[in-house]
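Chain by chain, the residues:
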Amino acid sequence: MPQGTDHLPFLSGLPWGWTLLLALAAAFALGFVGAPLWAWTAAAAVFLAGLGAPSWLWVVFLVLAVIFNLKPLRRVVVTRQLMALLRRLGILPSISATEREALEAGTVWAEGELFSGHPDWARLMRESYPELSEEEKAFLEGPVEELCAMTDDWEVYQRRDLPPEVWQALKDKGVFGMIIKKKWGGLEFSAAGVSAVIAKLSSRSAPLGITAMLPNSLGPAELIMHYGTPAQQDYWLPRLATGEEIPCFALTEPHAGSDAGGIRSTAEVFRGEDGEPMLRLNWEKRYITLASRATVFGLAVKLRDPENLLGRGTNPGITCVLCEAHREGVERGEQHDPLGVPFVNCPFRGKDVVVPADHIIGGAAWAGRGWRMLMETLAAGRGIMLPAQATAGTKAAARVAGAYSIVRKQFGLPVGRFEGVQEPLARIGGSAYLLEAARRYTCGGLDGGAKPAVVSAIAKYNSTELFRKAINDAMDVVGGAGISRGPRNLLAHAYWGAPISITVEGANILTRTLMIYGQGALRCHPWAYREIKALAEGDLAGFDRAFWGHIGYIVHCKCRALLLSATRGRLERTGLTGWSRFYAQKISWASACFAFLSETAMAMYGGDLKRQEAITGRFSDALSWMYLGTATIRRFEAEGRREEDLPFFRQAMDTALLQIQEAFCGLLRNFHAPWVGWLFRGPVQWWAYANPISRGPKDRNSLRVARLLQRPGEQRDRILDGLYLPQDPAEAFGRLEQAFALAVQAEEVLGRIKRAVRERRLPKGKPLDLLEQAREAGVVTAEECELVARAEAARNDAIQVDSFDDRAYYAASTRGHAGEN
């Protein structure tokens, strides 16, 4: 800077402490808003001028400013050397071809905002929270209602199968063709519509829901619709839509479960007698739903083509192939017994089964591309079926436990009046509200064209885990009535089946540790995958953009994390109001901390991070609950910020934030790395405990949630909607609901008798024993006495449990589940 001006530099009179503080404030402000490099350069120039920097410092500054702001020059002078150094050191992780296909399958959606550290709430709140079409509503109220009425869950378990008339009705009513487009004879329902149908069917009977689920999930119909040749589509899809063909899809093998790339089933291409390419299939599959009933299989196999007849090389790799069940060499006839839940789930084999090469889904062009097919299809389907079933199960648990807690009395009071019972009820109610929000929000993304692999994994993992906790809580509330099996038991079969949903479509342990964050760390990160890909491809311009963008992103996340933590999120502008704004600010705070900690972990562990599964699992927890919290805010906003629903909203959000807080504390406790590990395990962890994002739901709010579940009416029906609700008191559910309604009405009458006793208008005694005296004293009417009597009779009937004749019971038990008919 030229010297000799008449004015002193404007910062020269300030003490050094104030000058440093001013510089830090400016830096944090620029970092917080994510200012571009030119803004940082301009701010640095102003600061140097204010200090009266010497000429040599200006020269250094200008040289660096030109190099770093002129991108072509920066690439040559700096970035090229960086690329060479990173290649030599091997700091960035390498990605296999299989991992790359998984990463590039599907799309990044709302999870990208949360991963960014600076979520765009306007965009997140614009995402669809879908309603059903009139056609879908009519289907739910008509054919689905009829199917539920035809199905007796206890009888299904006794028969070990759905009745033949239910199987036929599933075909006739088009349930097996919900995802197939109308031009091929299907119903062409939205993801939200399919999810609602599966939820309602599952609320009646899990085997019914599972049977409807599979033809509409990963399998021949979806694969053919998206990847099939026109000939395959025109032949198979109309037959699948009407149920003329029953499909299954076979991926899992004895040596290939979550590691689907380890499959040993093969297809070998050879020339047939007519000179056309044929496939010789050999497979051994297990855990395949509908395999023994299917008329056509979808098979994942490793394709070999020794003569390169298909033009895709001699070892194209994983391929999806169709095979009719009648083909010679198909071996079926066995059935698994998955925890006694009677849905069709089987092992089956094929030995030297021959099919034409045109049975490759998509034709020869898709030979060897089956892994990508599966990843893209699972990216969508995983977010629909099991989340629907888990959400319905959680709502049903809330409905049953809430009603039973009023019907069942101990110590002269409904057990639901005890806070020890209200505590698990509140957990179930909060989960029911949150899971419905996540179900609808995820379906909205899928219907909008997104195929978010990470969000689908979040939805599957968390919905099934929350359902497992909810059914455990509900079993605790109902006590002995939950463990005594029989037609009266409304929870035992759901309790049995909970581990199944945990296991299928990607075991939850690996979904959490490998998929949600393992894929998300690269797939959802704004820059990481671009860096790795550009480095592998030698793309200098691409690496320059990604690397320096990543540096700016790290600074942005660090500044946001520190400032949002210091202000408890209040600096964040979300565009929302009230409680939505309060919780969105907390999610933004969490997002910034997540992004900063993620960058720290990547720097500390490098390519070894994906093997630090205890660490990646906690990152998965934080990302999951940020997403679930976002979906819950979207629901509260979409439904008009109902004041009466605020207890459910706060219960769900406080739980989500507590889970995020616990994930962060777990990360900080376990960051072990040279030089900086102590900093995170010491001062940063102390600050996280002293200034938590949340301390969890407050008891007062939790008790409100429990009481709302114990009150019949519009709100309870709306929060716990989408279930099959038989009204017939001859059925267990109708019996409980009737007793619940009568018990609530009788409570008001009995309350008046208690008040009369306290006022000494009636003698001391149990209210039920004082009914006649209360009527004579004018405290209650004769009609109210009759109401109490009916309520007590209904209550007594509803709390009864099943018992069986000794000889019949032991005769059935000697046959065992697998042998029962």
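Everything numeric in this text was worked out from a predicted model, so none of it was measured.

### Examining the overall build of the chain
For the chain, the helix and strand inventory stands at 33 helices and nine strands. Taking 28 Å as the expected radius of gyration for a compact globule of 821 residues, we find that the chain reaches 31 Å, a close match to that expectation. Here the chain, with 821 residues, has 54% of them falling under the buried criterion. The long-range fraction of contacts in the chain, counting pairs at least 24 apart against all pairs at least 6 apart in sequence, stands at 77%.

### Remarks on helix 23 (residues 540–566)
Taking 1.5 Å of rise per residue, the 27 residues of helix 23 would be expected to cover 39 Å, and the 39 Å separating its terminal C-alpha atoms lies within 8% of that figure. The distance from a side-chain oxygen at the start of helix 23 to the backbone nitrogen of A541 is 3.4 Å, and the residue carrying that oxygen is D539.

### Some thoughts on the packing of aromatic side chains
A ring pair, where both rings are aromatic, is described by two values, the distance of the centres and the angle of the planes. In the structure shown here, the tally under the stated rule is 32 aromatic pairs. Relative to F582, the ring of W579 lies with its centre 5.4 Å away and its plane at 80°, an arrangement referred to as edge-to-face. Of the two residues, W579 and F582 are both situated in helix 24 (residues 578–605); the distance of three residues between them amounts to about one turn of the helix. On the basis of relative accessible area, W579 is assigned to the partly exposed category, the value being 32%. Chaining the aromatic ring pairs together yields one cluster made of W579, F582, Y583, F636 and F649. Stacked on the ring of W366, the Lys or Arg R369 has its end atom at 3.9 Å from the ring centre. In this arrangement the basic side chain of R560 is found over the ring face of F32, its NZ or CZ atom lying 5.2 Å from the centre.

### Thoughts on the side chain of T394
Relative to the elements of secondary structure, T394 occurs in helix 16 (residues 385–407). Judged by its relative accessible area of 0%, T394 is buried. Every residue in contact with T394, bar those within four places of it in the chain, is listed here: I428, S431, A432, L435, F467 and A470.

### Here's the deal with the nonpolar core
Residues I633, F664 and F671 are the most contacted members of the largest nonpolar core, which totals 126 residues. Ignoring sequence-local partners within four residues, the contact set of F664 consists of A590, C593, F594, L597, A622 and I693. Membership of the second largest hydrophobic core comes to 97 residues, among which are C323, V353, V355 and I361.

### Remarks on the pairing of strand 4 (residues 296–304)
Most of strand 4 sits out of view: seven of its nine residues are buried. The pairing of strand 1 (residues 247–250) with strand 4 spans four bridges and is parallel. Considered in strand 4, the bridge of A250 is made with L299. Note: strand 2 (residues 266–271) against strand 4, three bridges, orientation parallel. Pairing of T266 across the sheet is with K302, part of strand 4. By the bridge criterion, eight bridges tie strand 4 to strand 5 (residues 317–324) in an arrangement that is antiparallel. Looking at strand 5, one finds that V301 is bridged to T319.

### Observations concerning the confidence of the model for the chain
Confidence in the prediction of the chain, expressed as mean pLDDT, is 92, and 96% of residues score 70 or more. Here residues 817–821 scores under 50 on pLDDT; set against residues more than four positions off or in separate chains, the count is twelve contacts.

### Some remarks on a nonpolar patch on the surface
A cluster of nonpolar residues, V66, L70, L73, V76 and V77, forms a patch on the protein surface that exposes about 390 Å² of accessible area. With three residues, the single largest contributor to the nonpolar patch is helix 4 (residues 71–89). With respect to the helices and strands, L70 occurs in the loop between helix 3 (55–69) and helix 4. Looking at L70, the relative accessible area reads 47%, which means it is partly exposed.

### Concerning unusual backbone geometry
A negative phi angle characterises most non-glycine residues, just as the trans form characterises most peptide bonds. Not every positive phi belongs to a glycine, and F411 is a case in point at roughly 55°. Mapped onto the elements, F411 comes out in the loop between strand 8 (409–410) and strand 9 (413–414). Its identity as a non-glycine residue notwithstanding, R641 has a phi of 50°, on the positive side. Turning to its location among the elements, R641 is positioned in the loop between helix 25 (613–638) and helix 26 (646–669). Taking the relative accessible area as the measure of exposure, R641 reaches 41% and is therefore partly exposed.

### So, the pattern of salt bridges
Here the structure, examined in full by the defined rule, presents 44 salt bridges. Residue E268 is joined to R304 by a salt bridge in which the shortest nitrogen-to-oxygen separation is 3.6 Å. Of this pair, E268 sits in strand 2 while R304 sits in strand 4; the two residues are 36 residues apart in sequence, bridging distant segments of the chain. By relative accessible area, which is 36% here, R304 ends up partly exposed.

### A look at the environment of D645
Along the chain, D645 turns up in the loop between helix 25 and helix 26. For D645, a relative accessible area of 1% translates into the label buried. As a C-alpha pair, D645 and P72 span 573 residues in sequence and 56 Å in three-dimensional space. Those residues in contact with D645 that lie beyond four places of it in its chain are Y433, E639, Q715, R718 and I719. Separated by 2.6 Å, the side chains of D645 and R718 make a polar contact.

Rules used in this analysis
- Residues numbered from 1 in each chain as written.
- Predicted model: local features only at pLDDT ≥ 70, side-chain atom pairs only at ≥ 80, totals over all residues.
- Heavy atoms only, no water.
- Helix = DSSP H or I, 4+ residues; strand = E, 2+ residues; numbered from the N terminus.
- Rg over C-alpha atoms; globule rule 2.2 N^0.38 Å.
- Buried < 20%, exposed > 50% of the residue type's maximum accessible area, 1.4 Å probe, protein only.
- Contact = heavy atoms within 4.5 Å.
- Expected span 1.5 Å × (residues − 1).
- Polar contact = N/O pair within 3.5 Å; in protein donor to acceptor, adjacent residues only side chain to side chain.
- Phe/Tyr/Trp six-rings, centres within 6.5 Å; stacked < 30°, edge-to-face > 60°.
- Lys NZ or Arg CZ within 6 Å of the ring centre and 35° of its normal.
- Core = buried A, V, L, I, M, F, W, Y, C linked by side-chain atoms within 4.5 Å.
- Pairing = 2+ DSSP bridges.
- pLDDT = per-residue confidence, 0-100.
- Patch = residues over 30% accessible without salt bridge, like charges linked within 9 Å, V, L, I, M, F, W, Y side chains within 5 Å.
- Areas by Shrake-Rupley, 256 points an atom, 1.4 Å probe, with all protein chains shown as cover.
- Salt bridge = Lys/Arg side-chain N within 4 Å of Asp/Glu carboxyl O.

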